[in-house]
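Inside the fold
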Amino acid sequence: MSSSTSAPVGAPQTGLDGWFGITKRGSSVGQEVRGGLVTFFTMAYIIALNPLIIGTTPDKAGNLISGLPATDANIPITIAMVAAATSLVAGVMTIVMGVVGRFPLGLATGLGLNAMLAYVIAPQVTWPQAMGLVVWEGIIILILVLTGFREAVFRAVPRPLRTGIAVGIGLFITLVGLADAGIVRTGDGTPLQLGIGGSLLGWPMAIFVIGLFLLVMLYIRRVRGAMLIAIVGMTVVALIVEAVLHIPAKSDDFPAGWALNVPEVGAGGLFSLPDLSLLGRVDMLGAFSGSATATIAMVMTVFALLLADFFDTMGTIVAVGAEGDLLGPDGNPERTREIFVVDSLAAITGGLGSVSSNTSYIESAAGVGEGARTGLASVVTGLAFLVSLFLAPLVKLVPSEAAAPALVFVGFLMLSQVIHVDWSDPEEGFPAFITMVAMPFTYSITTGIGAGFLFWVAIKTARGKLKDIHPLMWVIAAAFVIYFGQGAINALLA
(Lines give C-alpha, C1' and ligand atoms only; values in the text may rest on other atoms or scores of the structure.)
Protein backbone atom coordinates (compact mmCIF):
# COMPACT_ATOMS: atom_id res chain seq x y z
CA MET A 1 0.00 0.00 0.00
CA SER A 2 2.99 2.29 0.26
CA SER A 3 4.23 4.55 -2.47
CA SER A 4 7.26 6.77 -2.86
CA THR A 5 8.06 10.13 -4.31
CA SER A 6 9.62 10.43 -7.73
CA ALA A 7 13.07 11.33 -6.44
CA PRO A 8 15.58 8.47 -6.79
CA VAL A 9 16.40 6.57 -3.65
CA GLY A 10 19.65 7.80 -2.15
CA ALA A 11 19.39 11.25 -3.71
CA PRO A 12 19.84 14.12 -1.23
CA GLN A 13 16.48 15.40 -0.08
CA THR A 14 15.67 18.94 0.99
CA GLY A 15 12.76 20.89 2.37
CA LEU A 16 9.75 18.93 3.58
CA ASP A 17 11.11 15.63 2.31
CA GLY A 18 14.53 16.19 3.83
CA TRP A 19 13.22 17.17 7.27
CA PHE A 20 10.73 14.34 7.65
CA GLY A 21 12.63 11.72 5.64
CA ILE A 22 9.59 10.91 3.51
CA THR A 23 11.49 9.30 0.64
CA LYS A 24 13.97 7.68 3.01
CA ARG A 25 11.10 5.81 4.70
CA GLY A 26 9.51 4.81 1.40
CA SER A 27 6.52 7.09 1.78
CA SER A 28 4.90 10.02 -0.04
CA VAL A 29 3.12 13.20 0.96
CA GLY A 30 -0.23 11.74 -0.05
CA GLN A 31 0.42 8.62 1.98
CA GLU A 32 1.31 10.70 5.04
CA VAL A 33 -1.82 12.84 4.68
CA ARG A 34 -4.04 9.77 4.47
CA GLY A 35 -2.32 8.15 7.46
CA GLY A 36 -2.55 11.34 9.50
CA LEU A 37 -6.27 11.70 8.83
CA VAL A 38 -6.93 8.06 9.74
CA THR A 39 -5.10 8.58 13.04
CA PHE A 40 -7.22 11.67 13.70
CA PHE A 41 -10.52 9.95 12.99
CA THR A 42 -9.63 7.01 15.25
CA MET A 43 -8.63 9.46 18.03
CA ALA A 44 -11.36 12.07 17.55
CA TYR A 45 -13.63 10.35 20.07
CA ILE A 46 -11.53 11.94 22.84
CA ILE A 47 -13.00 15.34 21.93
CA ALA A 48 -16.40 14.04 22.99
CA LEU A 49 -15.31 11.58 25.68
CA ASN A 50 -12.87 13.67 27.73
CA PRO A 51 -15.50 16.36 28.48
CA LEU A 52 -17.91 13.67 29.68
CA ILE A 53 -15.29 12.35 32.11
CA ILE A 54 -13.63 15.44 33.57
CA GLY A 55 -16.29 17.97 32.61
CA THR A 56 -19.14 16.43 34.58
CA THR A 57 -17.41 15.41 37.83
CA PRO A 58 -17.34 17.79 40.83
CA ASP A 59 -14.23 18.24 42.90
CA LYS A 60 -13.83 18.33 46.69
CA ALA A 61 -15.38 21.81 46.78
CA GLY A 62 -18.40 20.71 44.75
CA ASN A 63 -17.31 22.64 41.66
CA LEU A 64 -16.87 21.54 38.07
CA ILE A 65 -13.51 21.98 36.33
CA SER A 66 -14.81 25.29 34.95
CA GLY A 67 -15.01 26.59 38.51
CA LEU A 68 -18.80 26.70 38.32
CA PRO A 69 -21.00 24.84 40.84
CA ALA A 70 -21.90 21.31 39.75
CA THR A 71 -25.45 21.96 38.52
CA ASP A 72 -27.29 20.68 35.45
CA ALA A 73 -27.22 24.17 33.96
CA ASN A 74 -23.43 24.49 34.25
CA ILE A 75 -22.51 21.05 32.89
CA PRO A 76 -23.08 21.89 29.15
CA ILE A 77 -21.01 25.07 29.53
CA THR A 78 -18.18 23.12 31.15
CA ILE A 79 -18.32 20.32 28.58
CA ALA A 80 -17.86 22.86 25.75
CA MET A 81 -14.87 24.38 27.54
CA VAL A 82 -13.20 21.00 28.06
CA ALA A 83 -13.82 19.97 24.43
CA ALA A 84 -12.16 23.14 23.13
CA ALA A 85 -9.12 22.83 25.40
CA THR A 86 -8.82 19.11 24.59
CA SER A 87 -8.66 19.85 20.85
CA LEU A 88 -6.18 22.70 21.27
CA VAL A 89 -3.68 20.85 23.46
CA ALA A 90 -3.92 17.67 21.35
CA GLY A 91 -3.43 19.65 18.14
CA VAL A 92 -0.42 21.63 19.33
CA MET A 93 1.40 18.71 20.95
CA THR A 94 0.76 16.34 18.04
CA ILE A 95 2.25 18.91 15.64
CA VAL A 96 5.26 19.28 17.95
CA MET A 97 5.67 15.48 17.95
CA GLY A 98 5.65 15.52 14.15
CA VAL A 99 8.14 18.37 13.77
CA VAL A 100 10.51 17.48 16.64
CA GLY A 101 10.04 13.73 17.18
CA ARG A 102 9.42 13.13 13.44
CA PHE A 103 7.49 10.00 14.36
CA PRO A 104 3.89 9.21 13.32
CA LEU A 105 2.32 9.55 16.78
CA GLY A 106 -0.84 11.38 17.73
CA LEU A 107 -1.11 12.79 21.26
CA ALA A 108 -4.19 13.68 23.27
CA THR A 109 -5.67 13.35 26.76
CA GLY A 110 -4.93 9.85 28.01
CA LEU A 111 -7.92 7.68 28.78
CA GLY A 112 -7.52 5.99 32.13
CA LEU A 113 -5.36 8.86 33.34
CA ASN A 114 -8.29 11.25 32.99
CA ALA A 115 -10.64 8.77 34.66
CA MET A 116 -8.24 8.41 37.58
CA LEU A 117 -8.07 12.18 37.81
CA ALA A 118 -11.86 12.60 37.77
CA TYR A 119 -13.01 9.72 39.94
CA VAL A 120 -10.10 9.21 42.35
CA ILE A 121 -8.13 12.45 42.68
CA ALA A 122 -10.63 15.31 42.15
CA PRO A 123 -12.92 14.20 45.02
CA GLN A 124 -9.93 14.68 47.37
CA VAL A 125 -8.73 18.09 46.09
CA THR A 126 -9.90 20.95 43.89
CA TRP A 127 -9.67 20.71 40.11
CA PRO A 128 -6.80 23.24 39.85
CA GLN A 129 -4.90 21.23 42.48
CA ALA A 130 -5.56 17.99 40.58
CA MET A 131 -4.16 19.55 37.40
CA GLY A 132 -1.15 20.70 39.44
CA LEU A 133 -0.42 17.04 40.22
CA VAL A 134 -0.50 16.29 36.48
CA VAL A 135 2.02 19.07 35.82
CA TRP A 136 4.34 17.69 38.53
CA GLU A 137 4.07 14.22 36.98
CA GLY A 138 5.06 15.62 33.60
CA ILE A 139 7.97 17.60 35.06
CA ILE A 140 9.36 14.50 36.79
CA ILE A 141 9.10 12.44 33.58
CA LEU A 142 10.82 15.23 31.64
CA ILE A 143 13.68 15.19 34.15
CA LEU A 144 13.96 11.42 33.73
CA VAL A 145 14.16 11.91 29.97
CA LEU A 146 16.77 14.69 30.11
CA THR A 147 18.95 12.65 32.47
CA GLY A 148 18.76 9.70 30.07
CA PHE A 149 16.95 7.45 32.54
CA ARG A 150 13.75 7.00 30.53
CA GLU A 151 15.63 6.17 27.34
CA ALA A 152 17.89 3.78 29.27
CA VAL A 153 14.85 1.95 30.61
CA PHE A 154 13.45 1.73 27.10
CA ARG A 155 16.67 0.15 25.84
CA ALA A 156 16.90 -2.24 28.80
CA VAL A 157 13.66 -4.05 27.93
CA PRO A 158 14.40 -7.55 26.51
CA ARG A 159 13.27 -8.21 22.94
CA PRO A 160 10.71 -10.95 23.86
CA LEU A 161 8.99 -8.46 26.16
CA ARG A 162 8.99 -5.83 23.42
CA THR A 163 7.28 -8.29 21.11
CA GLY A 164 4.81 -9.16 23.86
CA ILE A 165 4.07 -5.46 24.35
CA ALA A 166 3.42 -4.90 20.63
CA VAL A 167 1.16 -7.94 20.28
CA GLY A 168 -0.61 -7.22 23.57
CA ILE A 169 -1.39 -3.71 22.41
CA GLY A 170 -2.75 -5.17 19.19
CA LEU A 171 -5.16 -7.28 21.22
CA PHE A 172 -5.90 -4.29 23.45
CA ILE A 173 -6.90 -1.96 20.63
CA THR A 174 -8.97 -4.73 19.06
CA LEU A 175 -10.96 -4.94 22.29
CA VAL A 176 -11.19 -1.14 22.38
CA GLY A 177 -12.60 -1.12 18.87
CA LEU A 178 -15.11 -3.87 19.57
CA ALA A 179 -16.20 -2.19 22.80
CA ASP A 180 -16.48 1.26 21.18
CA ALA A 181 -18.81 -0.23 18.57
CA GLY A 182 -20.92 -2.06 21.14
CA ILE A 183 -20.00 -5.45 19.66
CA VAL A 184 -18.51 -6.57 22.98
CA ARG A 185 -20.32 -5.62 26.18
CA THR A 186 -20.67 -6.64 29.80
CA GLY A 187 -22.85 -9.74 29.89
CA ASP A 188 -25.50 -11.05 32.21
CA GLY A 189 -23.49 -13.29 34.50
CA THR A 190 -20.41 -13.12 32.25
CA PRO A 191 -17.60 -10.55 32.07
CA LEU A 192 -18.20 -10.03 28.34
CA GLN A 193 -20.70 -11.07 25.71
CA LEU A 194 -21.50 -10.50 22.05
CA GLY A 195 -23.69 -7.46 21.49
CA ILE A 196 -27.07 -7.44 23.22
CA GLY A 197 -28.02 -10.74 24.81
CA GLY A 198 -25.48 -12.56 22.65
CA SER A 199 -26.78 -11.11 19.37
CA LEU A 200 -25.96 -8.26 17.00
CA LEU A 201 -28.90 -5.90 17.14
CA GLY A 202 -29.54 -2.47 15.64
CA TRP A 203 -28.18 -0.24 12.89
CA PRO A 204 -25.13 1.04 14.81
CA MET A 205 -23.73 -2.48 15.08
CA ALA A 206 -24.56 -3.05 11.42
CA ILE A 207 -22.53 0.04 10.53
CA PHE A 208 -19.52 -1.48 12.27
CA VAL A 209 -19.89 -4.92 10.66
CA ILE A 210 -20.37 -3.50 7.17
CA GLY A 211 -17.46 -1.10 7.71
CA LEU A 212 -15.17 -3.93 8.79
CA PHE A 213 -16.07 -6.03 5.73
CA LEU A 214 -15.54 -2.99 3.49
CA LEU A 215 -12.15 -2.24 5.03
CA VAL A 216 -10.93 -5.82 4.70
CA MET A 217 -12.04 -6.04 1.06
CA LEU A 218 -10.42 -2.71 0.17
CA TYR A 219 -7.20 -3.65 1.94
CA ILE A 220 -7.02 -7.07 0.26
CA ARG A 221 -7.48 -5.37 -3.12
CA ARG A 222 -4.65 -2.95 -2.17
CA VAL A 223 -6.81 0.15 -2.51
CA ARG A 224 -4.94 3.22 -1.31
CA GLY A 225 -6.62 4.93 1.61
CA ALA A 226 -8.62 1.80 2.50
CA MET A 227 -9.06 2.80 6.14
CA LEU A 228 -9.93 6.41 5.38
CA ILE A 229 -12.41 5.36 2.69
CA ALA A 230 -14.06 2.92 5.09
CA ILE A 231 -14.33 5.50 7.89
CA VAL A 232 -15.71 8.29 5.69
CA GLY A 233 -17.96 5.93 3.74
CA MET A 234 -19.58 4.43 6.82
CA THR A 235 -19.95 7.89 8.38
CA VAL A 236 -22.04 8.90 5.36
CA VAL A 237 -24.14 5.75 5.73
CA ALA A 238 -24.54 6.46 9.46
CA LEU A 239 -25.72 10.02 8.71
CA ILE A 240 -28.34 8.70 6.30
CA VAL A 241 -29.51 6.04 8.77
CA GLU A 242 -29.77 8.59 11.58
CA ALA A 243 -31.63 11.10 9.38
CA VAL A 244 -34.22 8.48 8.46
CA LEU A 245 -34.58 6.47 11.67
CA HIS A 246 -33.56 8.97 14.42
CA ILE A 247 -31.69 6.43 16.54
CA PRO A 248 -30.78 7.81 20.00
CA ALA A 249 -27.56 7.36 21.95
CA LYS A 250 -27.08 4.08 23.80
CA SER A 251 -28.77 3.93 27.20
CA ASP A 252 -30.13 1.38 29.64
CA ASP A 253 -33.56 1.84 28.06
CA PHE A 254 -32.21 1.61 24.50
CA PRO A 255 -29.03 -0.53 24.40
CA ALA A 256 -29.03 -0.68 20.58
CA GLY A 257 -28.27 3.04 20.23
CA TRP A 258 -25.08 4.79 19.10
CA ALA A 259 -22.22 3.95 21.47
CA LEU A 260 -20.35 7.26 21.91
CA ASN A 261 -21.88 9.98 19.77
CA VAL A 262 -24.93 10.38 17.54
CA PRO A 263 -24.07 11.22 13.88
CA GLU A 264 -26.25 14.29 13.46
CA VAL A 265 -25.86 18.02 12.95
CA GLY A 266 -26.89 19.91 16.09
CA ALA A 267 -29.00 23.04 16.22
CA GLY A 268 -25.88 25.21 16.24
CA GLY A 269 -24.73 23.95 12.84
CA LEU A 270 -21.23 22.79 11.94
CA PHE A 271 -19.33 25.86 13.20
CA SER A 272 -18.73 27.00 16.78
CA LEU A 273 -16.36 29.45 18.48
CA PRO A 274 -14.14 27.75 21.11
CA ASP A 275 -14.12 28.80 24.76
CA LEU A 276 -10.50 28.48 25.94
CA SER A 277 -10.92 29.97 29.42
CA LEU A 278 -9.82 26.67 31.08
CA LEU A 279 -6.18 27.28 30.12
CA GLY A 280 -3.90 27.99 33.04
CA ARG A 281 -6.30 27.04 35.88
CA VAL A 282 -3.59 25.24 37.87
CA ASP A 283 -2.58 25.18 41.53
CA MET A 284 0.85 23.60 41.84
CA LEU A 285 1.15 23.49 45.63
CA GLY A 286 -2.38 23.27 47.03
CA ALA A 287 -2.60 19.47 46.95
CA PHE A 288 0.42 19.22 49.29
CA SER A 289 -0.81 21.71 51.88
CA GLY A 290 -2.76 19.22 54.03
CA SER A 291 -1.63 16.86 56.76
CA ALA A 292 1.49 14.73 56.45
CA THR A 293 -0.60 11.66 55.69
CA ALA A 294 -2.56 13.51 53.00
CA THR A 295 0.66 14.82 51.47
CA ILE A 296 2.14 11.32 51.30
CA ALA A 297 -1.07 10.14 49.63
CA MET A 298 -0.70 12.88 47.01
CA VAL A 299 2.92 11.88 46.41
CA MET A 300 1.75 8.29 45.82
CA THR A 301 -0.86 9.63 43.43
CA VAL A 302 1.80 11.44 41.39
CA PHE A 303 3.84 8.20 41.37
CA ALA A 304 0.86 6.22 40.03
CA LEU A 305 0.23 8.80 37.29
CA LEU A 306 3.93 8.82 36.42
CA LEU A 307 4.27 5.06 36.16
CA ALA A 308 1.15 4.68 34.01
CA ASP A 309 2.22 7.49 31.68
CA PHE A 310 5.83 6.29 31.56
CA PHE A 311 5.12 2.76 30.41
CA ASP A 312 2.01 3.40 28.32
CA THR A 313 4.14 5.61 26.10
CA MET A 314 6.93 3.07 25.91
CA GLY A 315 4.50 0.37 24.84
CA THR A 316 2.89 2.64 22.27
CA ILE A 317 6.22 3.58 20.67
CA VAL A 318 7.26 -0.07 20.41
CA ALA A 319 3.94 -1.12 18.91
CA VAL A 320 3.63 1.74 16.42
CA GLY A 321 7.27 1.47 15.40
CA ALA A 322 7.03 -2.28 14.89
CA GLU A 323 3.84 -1.93 12.84
CA GLY A 324 5.51 0.56 10.48
CA ASP A 325 8.92 -1.14 10.43
CA LEU A 326 10.34 2.02 12.01
CA LEU A 327 12.57 0.36 14.61
CA GLY A 328 16.31 0.02 14.15
CA PRO A 329 18.41 -3.13 14.58
CA ASP A 330 18.44 -2.50 18.34
CA GLY A 331 14.65 -2.40 18.44
CA ASN A 332 14.49 1.36 19.02
CA PRO A 333 13.17 4.13 16.77
CA GLU A 334 15.30 7.02 15.56
CA ARG A 335 15.16 10.15 17.74
CA THR A 336 13.97 8.20 20.77
CA ARG A 337 14.94 10.98 23.18
CA GLU A 338 13.11 13.63 21.18
CA ILE A 339 9.97 11.49 21.14
CA PHE A 340 10.13 11.06 24.92
CA VAL A 341 10.77 14.79 25.48
CA VAL A 342 7.70 15.76 23.47
CA ASP A 343 5.58 13.16 25.26
CA SER A 344 6.75 14.52 28.63
CA LEU A 345 5.98 18.09 27.58
CA ALA A 346 2.53 16.87 26.50
CA ALA A 347 1.85 15.69 30.05
CA ILE A 348 2.84 19.11 31.41
CA THR A 349 0.81 20.94 28.77
CA GLY A 350 -2.23 18.77 29.46
CA GLY A 351 -2.12 19.82 33.10
CA LEU A 352 -1.63 23.49 32.24
CA GLY A 353 -4.52 23.25 29.79
CA SER A 354 -6.80 21.64 32.42
CA VAL A 355 -7.52 18.62 30.22
CA SER A 356 -5.43 15.98 32.08
CA SER A 357 -2.13 14.47 30.97
CA ASN A 358 -1.67 14.20 27.21
CA THR A 359 0.09 11.09 26.01
CA SER A 360 0.90 9.13 22.86
CA TYR A 361 -2.09 7.29 21.40
CA ILE A 362 -2.00 3.67 20.34
CA GLU A 363 -4.64 4.58 17.75
CA SER A 364 -1.69 6.02 15.82
CA ALA A 365 -1.11 2.43 14.69
CA ALA A 366 -4.21 2.79 12.52
CA GLY A 367 -2.54 5.66 10.64
CA VAL A 368 0.65 3.63 10.32
CA GLY A 369 -1.44 0.75 8.98
CA GLU A 370 -2.74 3.18 6.36
CA GLY A 371 0.82 4.10 5.37
CA ALA A 372 2.03 6.85 7.75
CA ARG A 373 5.78 6.57 8.27
CA THR A 374 6.99 10.04 9.27
CA GLY A 375 6.23 13.03 11.47
CA LEU A 376 4.38 14.68 8.59
CA ALA A 377 1.43 12.42 9.38
CA SER A 378 1.45 13.76 12.96
CA VAL A 379 1.40 17.31 11.63
CA VAL A 380 -1.70 16.42 9.60
CA THR A 381 -3.33 14.84 12.65
CA GLY A 382 -2.51 17.90 14.75
CA LEU A 383 -3.90 20.31 12.17
CA ALA A 384 -7.10 18.28 12.07
CA PHE A 385 -7.40 18.68 15.85
CA LEU A 386 -6.93 22.44 15.52
CA VAL A 387 -9.59 22.63 12.80
CA SER A 388 -11.91 20.70 15.11
CA LEU A 389 -11.67 23.64 17.52
CA PHE A 390 -14.06 25.46 15.22
CA LEU A 391 -15.75 22.46 13.61
CA ALA A 392 -16.38 20.34 16.69
CA PRO A 393 -19.95 19.49 15.56
CA LEU A 394 -18.55 18.21 12.24
CA VAL A 395 -16.02 15.95 13.99
CA LYS A 396 -18.79 14.53 16.15
CA LEU A 397 -20.56 13.38 12.99
CA VAL A 398 -18.17 10.40 12.90
CA PRO A 399 -19.68 7.72 15.14
CA SER A 400 -17.39 5.29 16.92
CA GLU A 401 -19.03 2.49 14.93
CA ALA A 402 -17.53 3.97 11.74
CA ALA A 403 -14.00 4.43 13.16
CA ALA A 404 -13.75 1.22 15.21
CA PRO A 405 -13.20 -1.16 12.24
CA ALA A 406 -9.81 0.51 11.67
CA LEU A 407 -8.76 -0.34 15.24
CA VAL A 408 -9.85 -3.96 14.91
CA PHE A 409 -8.04 -4.39 11.60
CA VAL A 410 -4.83 -2.85 12.94
CA GLY A 411 -5.05 -5.31 15.84
CA PHE A 412 -4.91 -8.07 13.22
CA LEU A 413 -1.88 -6.49 11.55
CA MET A 414 -0.01 -6.19 14.85
CA LEU A 415 -0.68 -9.81 15.79
CA SER A 416 1.69 -10.94 13.03
CA GLN A 417 4.65 -10.13 15.28
CA VAL A 418 3.80 -13.03 17.59
CA ILE A 419 6.15 -15.27 15.54
CA HIS A 420 9.17 -13.42 16.95
CA VAL A 421 8.81 -15.08 20.37
CA ASP A 422 10.31 -18.52 21.03
CA TRP A 423 7.18 -20.22 22.38
CA SER A 424 9.03 -23.50 22.91
CA ASP A 425 10.97 -21.86 25.75
CA PRO A 426 8.66 -20.86 28.67
CA GLU A 427 11.53 -18.85 30.16
CA GLU A 428 11.26 -16.47 27.20
CA GLY A 429 7.66 -17.13 26.18
CA PHE A 430 5.69 -16.86 29.41
CA PRO A 431 6.64 -13.24 30.27
CA ALA A 432 5.69 -12.28 26.72
CA PHE A 433 2.44 -14.24 27.01
CA ILE A 434 1.39 -12.66 30.32
CA THR A 435 2.16 -9.24 28.85
CA MET A 436 -0.06 -9.96 25.85
CA VAL A 437 -3.08 -11.27 27.73
CA ALA A 438 -2.96 -8.91 30.71
CA MET A 439 -3.38 -5.82 28.52
CA PRO A 440 -6.81 -6.62 27.04
CA PHE A 441 -8.04 -8.62 30.04
CA THR A 442 -7.30 -5.81 32.51
CA TYR A 443 -7.93 -3.04 29.97
CA SER A 444 -4.57 -1.51 30.84
CA ILE A 445 -1.33 -1.31 28.87
CA THR A 446 0.62 -0.48 32.02
CA THR A 447 -0.69 -3.55 33.86
CA GLY A 448 0.40 -5.83 31.01
CA ILE A 449 3.88 -4.33 30.90
CA GLY A 450 4.24 -4.54 34.68
CA ALA A 451 3.14 -8.18 34.81
CA GLY A 452 5.57 -9.14 32.05
CA PHE A 453 8.48 -7.33 33.69
CA LEU A 454 7.86 -8.95 37.07
CA PHE A 455 7.63 -12.46 35.61
CA TRP A 456 10.78 -11.88 33.53
CA VAL A 457 12.79 -10.90 36.61
CA ALA A 458 11.26 -13.66 38.77
CA ILE A 459 11.88 -16.44 36.23
CA LYS A 460 15.43 -15.36 35.46
CA THR A 461 16.16 -15.15 39.20
CA ALA A 462 14.69 -18.59 39.86
CA ARG A 463 16.81 -20.00 37.04
CA GLY A 464 19.95 -18.43 38.48
CA LYS A 465 20.48 -16.27 35.40
CA LEU A 466 21.01 -12.98 37.20
CA LYS A 467 23.44 -11.80 34.52
CA ASP A 468 20.57 -11.80 32.01
CA ILE A 469 18.71 -9.19 34.07
CA HIS A 470 19.64 -5.62 33.19
CA PRO A 471 20.21 -3.58 36.40
CA LEU A 472 17.42 -1.20 35.41
CA MET A 473 15.00 -4.13 35.24
CA TRP A 474 15.42 -4.51 39.02
CA VAL A 475 14.48 -0.86 39.48
CA ILE A 476 11.45 -1.25 37.21
CA ALA A 477 10.35 -4.42 38.97
CA ALA A 478 10.53 -2.70 42.36
CA ALA A 479 8.50 0.22 41.02
CA PHE A 480 5.82 -2.15 39.73
CA VAL A 481 5.64 -3.96 43.07
CA ILE A 482 4.75 -0.59 44.61
CA TYR A 483 2.38 0.18 41.73
CA PHE A 484 0.42 -3.06 42.09
CA GLY A 485 0.38 -2.68 45.87
CA GLN A 486 -0.69 0.96 45.95
CA GLY A 487 -4.21 0.04 47.09
CA ALA A 488 -2.82 -1.66 50.18
CA ILE A 489 -0.35 1.18 50.73
CA ASN A 490 -3.10 3.81 50.53
CA ALA A 491 -5.23 1.77 52.94
CA LEU A 492 -2.39 1.73 55.44
CA LEU A 493 -1.91 5.47 55.06
CA ALA A 494 -5.61 6.04 55.60
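Residues numbered from 1 in each chain as written. Predicted model: local features only at pLDDT ≥ 70, side-chain atom pairs only at ≥ 80, totals over all residues. Heavy atoms only, no water.

Turning to unusual backbone geometry, a few remarks are in order. Most peptide bonds adopt trans geometry, and most residues besides glycine take a negative phi value. Unusually for a residue other than glycine, Asp 325 sits at a positive phi of about 55°. The backbone phi angle of Ser 354 is positive, close to 60°, even though this residue is not glycine. Mapping Ser 354 onto the fold places it in the loop between helix H12 (336-352) and strand E4 (358-360). (Helix = DSSP H or I, 4+ residues; strand = E, 2+ residues; numbered from the N terminus.)

Glancing now at the pattern of salt bridges. Between side chains of opposite charge, a pair can form as their charged atoms come close. This structure, assessed with the given rule, holds 9 salt bridges. Residues Arg 335 and Glu 338 are paired through a salt bridge, measuring 3.8 Å at the closest nitrogen-oxygen approach. The exposure class assigned to Arg 335 is partly exposed, which follows from its relative accessible area of 28%. A salt bridge links Glu 428 to Lys 460; its shortest N-O distance comes to 3.2 Å. With a gap of 32 residues between them, Glu 428 in helix H17 (residues 426-442) and Lys 460 in helix H18 (residues 445-462) connect regions that are remote in the sequence. (Salt bridge = Lys/Arg side-chain N within 4 Å of Asp/Glu carboxyl O. Buried < 20%, exposed > 50% of the residue type's maximum accessible area, 1.4 Å probe, protein only.)

Taking 1.5 Å per residue, 16 residues should reach 22 Å; helix H16 (residues 400-415) reaches 23 Å between its end C-alpha atoms and fits that length. Of all the 16 residues making up H16, 14 are buried; the element is thus mostly covered by neighbouring parts of the structure. (Expected span 1.5 Å × (residues − 1).)

On to the packing of aromatic side chains. One pass over the structure, following the stated rule, counts 11 aromatic pairs. With a centroid separation of 5.1 Å and an interplanar angle of 70°, the aromatic rings of Phe 430 and Phe 455 are classed as edge-to-face. Of this pair, Phe 430 sits in helix H17 while Phe 455 sits in helix H18, and the two are 25 residues apart along the sequence. Of the aromatic side chains, those joined through ring pairs into one cluster are Phe 453, Phe 480, Tyr 483 and Phe 484. Taking NZ or CZ as reference, Lys 460 lies 4.8 Å from the ring centre of Trp 456, over its face. (Phe/Tyr/Trp six-rings, centres within 6.5 Å; stacked < 30°, edge-to-face > 60°. Lys NZ or Arg CZ within 6 Å of the ring centre and 35° of its normal.)

Attention now moves to the environment of Phe 310. Within the secondary structure, Phe 310 is located in helix H11 (residues 292-323). If we skip the residues at most four places from it in the chain, Phe 310 touches Ile 141, Leu 144, Arg 150 and Val 153. (Contact = heavy atoms within 4.5 Å.)

Before going further, it helps to spend a moment on the confidence of the model for the chain. Mean pLDDT over the chain works out to 85, with 94% of the residues at or above the 70 mark. Element-level mean pLDDT values for the chain span from 65 in helix H15 (residues 392-395) up to 95 in helix H14 (residues 375-388). (pLDDT = per-residue confidence, 0-100.)

This next bit is on the environment of Trp 19. Relative to the elements of secondary structure, Trp 19 occurs in helix H1 (residues 15-20). A relative accessible area of 41% places Trp 19 in the partly exposed class. C-alpha separation for the pair Trp 19 and Met 314, spaced 295 residues apart in sequence, amounts to 24 Å. With residues up to four places along the chain from it excluded, the contact list for Trp 19 reads Val 99 and Arg 102. At 3.0 Å, the side chain of Trp 19 forms a polar contact with the backbone oxygen of Val 99. (Polar contact = N/O pair within 3.5 Å; in protein donor to acceptor, adjacent residues only side chain to side chain.)

Take the packing of H17 against H18 next. Across the interface, H17 lies against H18 with an axial gap of 7 Å and an inter-helix angle of 160°. Between H17 and H18, the angle is such that the two are roughly antiparallel. Crossing of H17 over H18 shows right-handed handedness. Only Ile 445, Thr 447, Gly 448, Ile 449, Ala 451, Gly 452, Phe 455, Trp 456, Ile 459 and Lys 460 of H18 make contact with H17, whose side of the interface consists of Pro 426, Glu 427, Glu 428, Phe 430, Pro 431, Ile 434, Thr 435, Ala 438, Met 439 and Thr 442. Of the residues assigned to the contact of H17 with H18, the class counts are 12 nonpolar, 5 polar and 3 charged. (Axes fitted to C-alpha atoms, helices over the stretch in contact; angles between N-to-C directions. Parallel < 35°, antiparallel > 145°, perpendicular 65-115°, else oblique. Left-handed = near helix turned anticlockwise from the far one by under 90°. Nonpolar A, V, L, I, M, F, W, Y, C, P; charged D, E, K, R; others polar.)

Position of Thr 235 among the secondary structure elements: in helix H10 (residues 226-245). Since its relative accessible area comes to 8%, Thr 235 is described here as buried. Beyond its immediate chain neighbours, meaning those up to four positions away, Thr 235 contacts Leu 397, Val 398, Pro 399 and Ala 402.

Compared with the 28 Å implied by 1.5 Å per residue over 20 residues, the 28 Å span of H10 between its first and last C-alpha is a close match. What H10 keeps buried is the set Ala 226, Met 227, Leu 228, Ala 230, Ile 231, Met 234, Thr 235, Ala 238, Val 241 and Glu 242. In this structure, the buried side of H10 is in contact with helix H2 (29-43), helix H9 (203-220), helix H13 (364-370) and H16. Phi turns positive, to about 55°, at His 246, one or two residues after H10.

Moving on, we get to empty space enclosed by the protein. Counted by the stated rule, this structure contains 2 cavities of 30 Å³ or more. Within this model, the second largest cavity holds a volume of roughly 30 Å³. Lining the second largest cavity are Gly 35, Thr 39, Pro 104, Leu 105, Gly 106, Ala 372, Ala 377, Ser 378 and Thr 381. Elements with a contribution of two residues or more to the lining of the second largest cavity: H2 and H14. For the lining of the second largest cavity, the leading source of residues is H14, giving 3 residues. (1 Å grid on protein atoms, 1.4 Å probe; cavity = no way out; pocket = protein on both sides within 12 Å on 5 of 7 lines; lining within 4 Å. Points joined across faces, edges and corners; volume = space filled by probe spheres on them.)

Position of Thr 42 relative to the elements: it lies in helix H2. Excluding residues within four positions of it along the chain, Thr 42 makes contact with Ile 231, Glu 363, Ala 366, Ala 403, Ala 406 and Leu 407.

This part is about the nonpolar core. Core analysis: the biggest nonpolar cluster contains 102 residues, and Trp 127, Ile 169, Met 227, Phe 311, Ile 449 and Phe 453 have the highest contact counts within it. Counting residues per element, this core draws most heavily on H11, which supplies 13 residues. Residues contacting Met 227, with those up to four places away along its chain left out, are Val 38, Leu 215, Ala 366, Gly 369, Glu 370, Ala 406, Phe 409, Val 410 and Leu 413. Within the second largest apolar cluster, 12 residues are counted, among which are Ala 44, Tyr 45, Ala 90 and Tyr 361. (Core = buried A, V, L, I, M, F, W, Y, C linked by side-chain atoms within 4.5 Å.)

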